[in-house]
Amino acid sequence: MSTTLKPAAPSRPVRPEAVKPARLPRASRRTQARRSLRRHWQLYLLVIVPLAYFVIFKYIPIANAVIAFKNYSPVKGPWGSEWVGFRNFELFFANPVFWTLVKNTFILAAYTVLASFPIPIILAIALNEIRNGRFKKTVQLVTYAPYFISTVVVVSMTILVLSPRLGFVNDAIGLFGVPAVDFLGNPDYFRHIYVWSDVWQTTGYSAVIYLAALAGIDPALHESAKIDGASRLQRIWHVDLPGIMPTAVIILVLGVGNIMSIGFEKAFLLQNPLNLAQSEIIATYVYKTGLLNADFSMATAIGLFNSVINLFLLLGVNFAAKRITGNGLWS
């Protein structure tokens, strides 16, 4: 009686990602940690200072956010004050200025992000294409220097330039027969003044990040594109822009994540009773509520609400960027 042997079924290949590395015993992990600490102790020593900064000034103060849920009394302290739950949040949401504050903050921050995001990229690409070293350094100096001017000085310069009586802007338009315009007193001009003065101040500094990303692009890609007959604009579009895309996506995600945390200083310094309809944002309202009116619980509740909105915006935009481009904060 003869038997026929069936050939064995071919084994299915095992995907590398399906093989999970075996976890080391706890003792082995401790041994590796001690060995790494002895070998790289200088690097761990450098990390201590920034880590201590974040722990002392960022994480420990988070515990005091509990006063947003209390009727805070400086005498009783944050832990001895009366617990009121979400009453401070309910009062803020019921306040007639709530939607005005949210609208002003969101529009101003979104305008700032949209205006300040592409201009440094354009400047960095233009500087990267310049071959005249002296001209390139001059442009970098002129665009980079405003970043080191304090916000108070920038606002003072802006007020002087746009002054109805002393500003050269009104003197210039007066040559064409246009009457003097009170730019700082008209609420419709506030956002444009805020955003473009900020763009002027930060564009050069932001372009440095993109210049560093452009320096990391392999020159062989440009050489190959030249051999294929690509023009300069084609090389910028197909080589430079894809090369800096991961950096641009991360900066955009961080910018959108802070979209509700618009700077307090410049908005407060440019603010006056005439443009209050568009210059009153959450940051200035928190200052007036917490420090001027001494309502610390309400100010903390507003600040906590602002931070939660920023957190959800950051996570949402990072998720969308990761799905669309494959790049995000946490790769």
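Quick caveat: nothing in here was measured; it's all calculated off a predicted structure.

### Concerning the overall build of the chain
Point 1. Along the backbone of the chain there are 16 helices and two strands.
Point 2. Relative to the globule expectation of 20 Å for 331 residues, the C-alpha radius of gyration of the chain, 28 Å, shows a markedly less compact shape.
Point 3. Over its C-alpha atoms, taken along the principal directions, the chain stretches across nearly 110 × 70 × 50 Å.
Point 4. Residue burial in the chain is summarised as follows: out of 331 residues, 30% are buried.
Point 5. For the chain, long-range pairs separated by at least 24 residues make up 63% of all intrachain contacts whose partners lie at least 6 apart in sequence.

### Considering helix α5 (residues 98–116)
Point 1. Counted at 1.5 Å a residue, the expected span for α5 with its 19 residues is 27 Å, and the 27 Å between its end C-alpha atoms agrees.
Point 2. All buried positions along α5 are accounted for by F98, L101, V102, N104, T105, L108, A109, A110, T112, V113 and A115.

### A closer look at a nonpolar patch on the surface
Point 1. A cluster of nonpolar side chains, contributed by V47, L51, Y53, F54, V55, I56, F57, Y59, I60 and I62, occupies part of the molecular surface with about 1,000 Å² of accessible area.
Point 2. With respect to the helices and strands, the residue I60 is situated in the loop between α2 (41–59) and β1 (70–71).
Point 3. Judged by its relative accessible area of 52%, I60 falls in the exposed class.

### Quick notes on the pattern of salt bridges
Point 1. In the structure shown here, the tally under the stated rule is three salt bridges.
Point 2. With a shortest N-O distance of 3.4 Å, E129 and R232 are connected by a salt bridge. Of this pair, E129 sits in helix α6 (residues 118–129) while R232 sits in helix α12 (residues 232–257), and the two are 103 residues apart along the sequence.
Point 3. Note on E129: relative accessible area 11%, which makes it buried.

### Remarks on the packing of aromatic side chains
Point 1. Enumeration over the complete set of coordinates arrives at 23 aromatic pairs.
Point 2. Here the aromatic rings of Y144 and F148 are separated by 5.2 Å at their centres, their planes lie at 65°, and the arrangement is edge-to-face.
Point 3. You can call Y144 partly exposed: its relative accessible area is 29%.
Point 4. Exposure remark for F148: the relative accessible area of 59% places this residue in the exposed category.
Point 5. Judged by centre distance (5.0 Å) and plane angle (70°), the rings of F268 and Y287 are edge-to-face.

### Section: the environment of L166
Point 1. Tracing the chain through its elements places L166 in the loop between α8 (151–161) and α9 (168–174).
Point 2. Those residues in contact with L166, other than ones at most four positions away along the chain, are L160 and D171.

### A look at the layout of surface pockets
Point 1. Volume-wise, the largest pocket comes out at about 900 Å³.
Point 2. Together, 27 residues line the largest pocket, and T112, S116, D198, T202 and S206 are the ones closest to its centre.
Point 3. Mapped by element, the contributors of at least two residues to the lining of the largest pocket are α5, α10 (187–215), α12 and α13 (264–270).
Point 4. In terms of residue count, the dominant contributor to the lining of the largest pocket is α10 (eight residues).
Point 5. Per-class residue counts for the lining of the largest pocket are 14 nonpolar, ten polar and three charged.
Point 6. If you add up the space inside the second largest pocket, you get close to 480 Å³.
Point 7. Lining the second largest pocket are F54, K58, Y59, P61, I62, N64, A65, I67, T300 and L304.
Point 8. Where the lining of the second largest pocket is concerned, the elements lending two or more residues are α2 and α16 (296–325).
Point 9. Among the elements that make up the lining of the second largest pocket, the one with the highest residue count is α2 (three residues).
Point 10. Broken down by class, the residue content of the lining of the second largest pocket amounts to seven nonpolar, two polar and one charged.

### Quick word on the environment of W41
Point 1. Mapped onto the secondary structure, W41 falls in helix α2.
Point 2. Accessibility expressed as a relative area gives 46% for W41, which makes it partly exposed.
Point 3. W41 sits 172 residues away from A213 along the chain, and the two C-alpha atoms are 30 Å apart.

Definitions and limits used
- Here, residues in each chain are numbered from 1, in the same order as that chain's written sequence.
- pLDDT decides what is reported in this predicted model: residues at 70 or higher carry local features, side-chain atom pairs at 80 or more are listed and counted, and totals for whole chains, interfaces and linings draw on all residues regardless.
- Just so you know, side-chain values use all the structure's heavy atoms and leave hydrogens and water out.
- A helix here means a DSSP run of H or I that spans at least four residues, while a strand means a run of E at least two residues long, and both kinds are numbered starting from the N terminus.
- As a reference, a globule follows 2.2 Å times the number of residues to the power 0.38, and the radius of gyration itself is taken over C-alpha atoms.
- When accessible area is computed with a 1.4 Å probe and restricted to protein chains, residues below 20% of their type maximum are described as buried, those above 50% as exposed, and intermediate ones as partly exposed.
- Residue contacts follow a heavy-atom distance rule, with two residues in contact if any of their heavy atoms lie within 4.5 Å.
- Residue count minus one, scaled by 1.5 Å, sets the expected span of a helix.
- Each patch is built from residues that are more than 30% exposed by relative accessible area and take part in no salt bridge. Like charges join if they lie within 9 Å; nonpolar side chains (Val, Leu, Ile, Met, Phe, Trp, Tyr) join within 5 Å.
- Every accessible area reported is derived by Shrake-Rupley at a probe size of 1.4 Å, with residue values counting cover from the shown protein chains alone.
- Each salt bridge in this description consists of a side-chain nitrogen of Lys or Arg and a carboxyl oxygen of Asp or Glu lying within 4 Å of one another.
- Aromatic rings from Phe, Tyr and Trp, with only the six-membered ring used for Trp, were paired whenever their centres fell within 6.5 Å, and each pair was classed as stacked if the ring planes differed by under 30 degrees, edge-to-face if by over 60, and tilted otherwise.
- Put simply, the grid is 1 Å and covers the protein atoms alone, a cavity is a trapped set of points that fit a 1.4 Å probe, a pocket is an open set with protein on both sides within 12 Å along at least five of seven lines, and lining residues have an atom within 4 Å of a point.
- Grid points are joined across faces, edges and corners, and a volume is the space filled by probe spheres set on the points.
- All amino acids are sorted into three groups, where Ala, Val, Leu, Ile, Met, Phe, Trp, Tyr, Cys and Pro are nonpolar, Asp, Glu, Lys and Arg are charged, and the leftover types, Gly among them, are polar.

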